[in-house]
Amino acid sequence: MTPELILVVEDEEHLLEAIKLNLELEGYKVVSATNGIEAVRLFKQERFNLVILDVVLPELDGFSVCESIR
């Protein structure tokens, strides 16, 4: 069985690494982005089961990312 694929979008490096580590320890495959533009680009390239999205992001805020990927 293929592990669930999760996109984590967080611009604070320590939070991103903590979330990513904990999800990977639970067996999930995690892809990360540190800004909104990168998140939209990654979302268009891959099919994710879940997106964990920060609201306050550089370049493109989380609300705009959410609208874009919907």
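Before going into details, it helps to say that this report is about the structure given with it. (Residues numbered from 1 in each chain as written. Predicted model: local features only at pLDDT ≥ 70, side-chain atom pairs only at ≥ 80, totals over all residues. Heavy atoms only, no water.)

Going through the model one piece at a time under the given rule, you end up with one aromatic pair. Ring geometry for F43 versus F48: centroids 6.3 Å apart, planes at 20°, classification stacked. Owing to a relative accessible area of 26%, F43 belongs among the partly exposed residues under this scheme. Since its relative accessible area comes to 12%, F48 is described here as buried. (Phe/Tyr/Trp six-rings, centres within 6.5 Å; stacked < 30°, edge-to-face > 60°. Buried < 20%, exposed > 50% of the residue type's maximum accessible area, 1.4 Å probe, protein only.)

On the secondary structure map, G36 appears in helix α2 (residues 36–45). Among the residues examined, G36 registers a relative accessible area of 0% and is labelled buried. Residues G36 and E10, 26 residues apart in the sequence, show an inter-C-alpha distance of 9.0 Å. (Helix = DSSP H or I, 4+ residues; strand = E, 2+ residues; numbered from the N terminus.)

Ranked by size, the top nonpolar core spans 10 residues in total: L5, L7, V9, A33, A39, V40, L42, F48, L57 and V65. Residue assignment for this core shows that the elements contributing at least two residues are β1 (5–9) and α2. Setting aside anything within four residues of it in sequence, one finds V40 in contact with L60, V65, S68 and I69. I6, V8, L16 and V30 belong to the second-largest nonpolar core, a separate cluster that totals five residues. (Core = buried A, V, L, I, M, F, W, Y, C linked by side-chain atoms within 4.5 Å. Contact = heavy atoms within 4.5 Å.)

Despite not being glycine, E59 has its phi angle at roughly 75°, a positive value. If you trace the backbone, E59 turns up in the loop between β3 (50–53) and α3 (62–69). On the basis of relative accessible area, E59 is assigned to the exposed category, the value being 60%.

All right, on to the sheet that holds strand β2 (residues 29–33) then. The strand order across the open sheet built from three strands is β2-β1-β3, with neighbouring strands paired in parallel fashion. The sheet is open, and its two edges are formed by β2 and β3, each paired on a single side. Averaged over all pairs of adjacent strands, the angle between strand axes in this sheet comes to 20°, irrespective of strand direction. Two strands pair when backbone bridges link them, and β1 and β2 are joined in this way by five bridges, in the parallel orientation. Considered in β2, the bridge of V8 is made with S32. Along the sheet, α2 makes contact with β1, β2 and β3, crossing β2 at roughly 140°. (Pairing = 2+ DSSP bridges. Axes fitted to C-alpha atoms, helices over the stretch in contact; angles between N-to-C directions.)

Interpretation note: all reported values are geometric properties and have no functional meaning in isolation.
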